[in-house]
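Residue-level listing of the chains:
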Amino acid sequence: MAGDERARRSDMVDSLRRGGISNRYVLEAMAEVPRQRFVDPELVPEAYTDQPLPIGSGQTISVPWIVALMAEALDPSGTENVLEIGTGSGYAAAVLARCCRRVTSVERHADLAEGARRTLAELDYDNVEVRHGDGARGAPDRAPFDGISVTAMAEEIPQPLLEQLGPDGTLVCPVGHGGLGDLVRLRHGRRETLSSVGFVPLVTDES
Ligand code: SAH
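Residues numbered from 1 in each chain as written. Predicted model: local features only at pLDDT ≥ 70, side-chain atom pairs only at ≥ 80, totals over all residues. Heavy atoms only, no water.

In the nomenclature of an unreviewed UniProt entry, the protein chain corresponds to Protein-L-isoaspartate O-methyltransferase from the organism Halosaccharopolyspora lacisalsi. Here is the UniProt Subcellular location (unreviewed entry) comment for the protein chain, exactly as written: "Cytoplasm". Taken from UniProt, the Catalytic activity (unreviewed entry) comment for the protein chain reads in full: "[protein]-L-isoaspartate + S-adenosyl-L-methionine = [protein]-L-isoaspartate alpha-methyl ester + S-adenosyl-L-homocysteine". (UniProt positions renumbered as here; feature names shortened; annotations may be inferred.)

One pass over the structure, following the stated rule, counts one aromatic pair. Directly above the ring of Y25 sits R24, whose terminal nitrogen or CZ lies 4.5 Å from the centroid. When the ring centre of Y91 is taken as origin, the NZ or CZ atom of R35, which lies over that ring, is 4.8 Å away. (Phe/Tyr/Trp six-rings, centres within 6.5 Å; stacked < 30°, edge-to-face > 60°. Lys NZ or Arg CZ within 6 Å of the ring centre and 35° of its normal.)

What follows deals with the pairing of strand β6 (residues 145–150). Within β6, five of the six residues are buried, leaving the element largely enclosed by the surrounding structure. The pairing of strand β3 (residues 81–85) with β6 spans four bridges and is parallel. Bridge pairing in β6 places E84 opposite S149. As judged from the four bridges shared by β6 and strand β7 (residues 165–177), these two strands associate in the parallel manner. Bridging from a neighbouring strand, G147 pairs with T170 of β7. Regarding topology, helix α6 (residues 159–164) serves as the crossover connection from β6 to the parallel β7, and that connection is right-handed. (Buried < 20%, exposed > 50% of the residue type's maximum accessible area, 1.4 Å probe, protein only. Helix = DSSP H or I, 4+ residues; strand = E, 2+ residues; numbered from the N terminus. Pairing = 2+ DSSP bridges. Right-handed = clockwise from strand over helix to strand, strands pointing away.)

The subject of this paragraph is the site of the ligand. Lining the immediate surroundings of the ligand are 25 residues, of which S89, E107, D134, G135 and V203 lie closest. At 2.6 Å, a side-chain N or O of E107 approaches an oxygen atom of the ligand. V203 has a polar backbone atom sitting 2.8 Å from a nitrogen atom of the ligand. Sorting elements by how many residues they give to the shell around the ligand places strand β2 (residues 59–61) first, with three residues. Of the residues contributing to the shell around the ligand, the split by class is eleven nonpolar, ten polar and four charged. (Near = heavy atom within 4 Å. Polar contact = N/O pair within 3.5 Å; in protein donor to acceptor, adjacent residues only side chain to side chain. Nonpolar A, V, L, I, M, F, W, Y, C, P; charged D, E, K, R; others polar.)

Structural data, given as C-alpha cells:
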C-alpha cells in the first residue's frame, strides 16, 4: 500500500516536471508528502489525481499542479520564513514545510485548522504552526516573511500581507472575482500573472 502511494507520487512528480516544475525542494516535497493523509478515507483513491477534492466546511484541497506551481513561485531554498493563508487540509503547508525553514499557516474555519494541526503533528511536521483566524490580517508577530502564499481568491491582495512581506520577499495570490482569476506573483515591487486559476474565495472580516 505504502509502496503504491510512493509510485503514484512518483508518477505525479514526473508529470509536474513535464509541466515545468523544476525547483528541487518542491519536487522532493511533492514526492515525499503523503497527500492521501490529507483527504477523507473514501477519497484516497482520488488523492493523486489532478482534481480538487472536498475537505469539509465547503472547502477543497487544491490540485497537485497548483500546489507545486505556488510553491515553485516562491523559489524556496530550505531557509525561508513563510506565511500561508488558507490552511485547509494542511497539505500545501506540509509541502511548504519541506521547502522552507518555517511555515505559519492561518485558517478561518476552526474545524479545518484543528484537523490540519492533527494531521501535520501525526506526520511530524514540527516547523509548521497552524493558526485559527482571518488570514487577511497575516501574522504580524512572525513578519517579515520571505514568502507569502494565499491559497484562496482575493478581490485584491490584502494590505496587511503587503506590509508583512520582507523587502526581498515573494507573494503569490489568486486575484479575481467569483472564484476565477489570475495567479499573481509580487516580487521586488513587480507584479506578474503566472496562470489563470480557479479558487474558493478568501472570506475576510471586512468583506
Ligand atoms: N491550501 C489548502 C487548500 C486551501 S482551500 C490545502 O492544501 O488543502 C482555501 C482555504 O482558505 C479554505 O480552507 C478556506 O476556509 C480558507 N480561507 C478562506 N478565507 C480565509 C481567510 N480570510 N483566512 C484564512 N483562511 C481562509
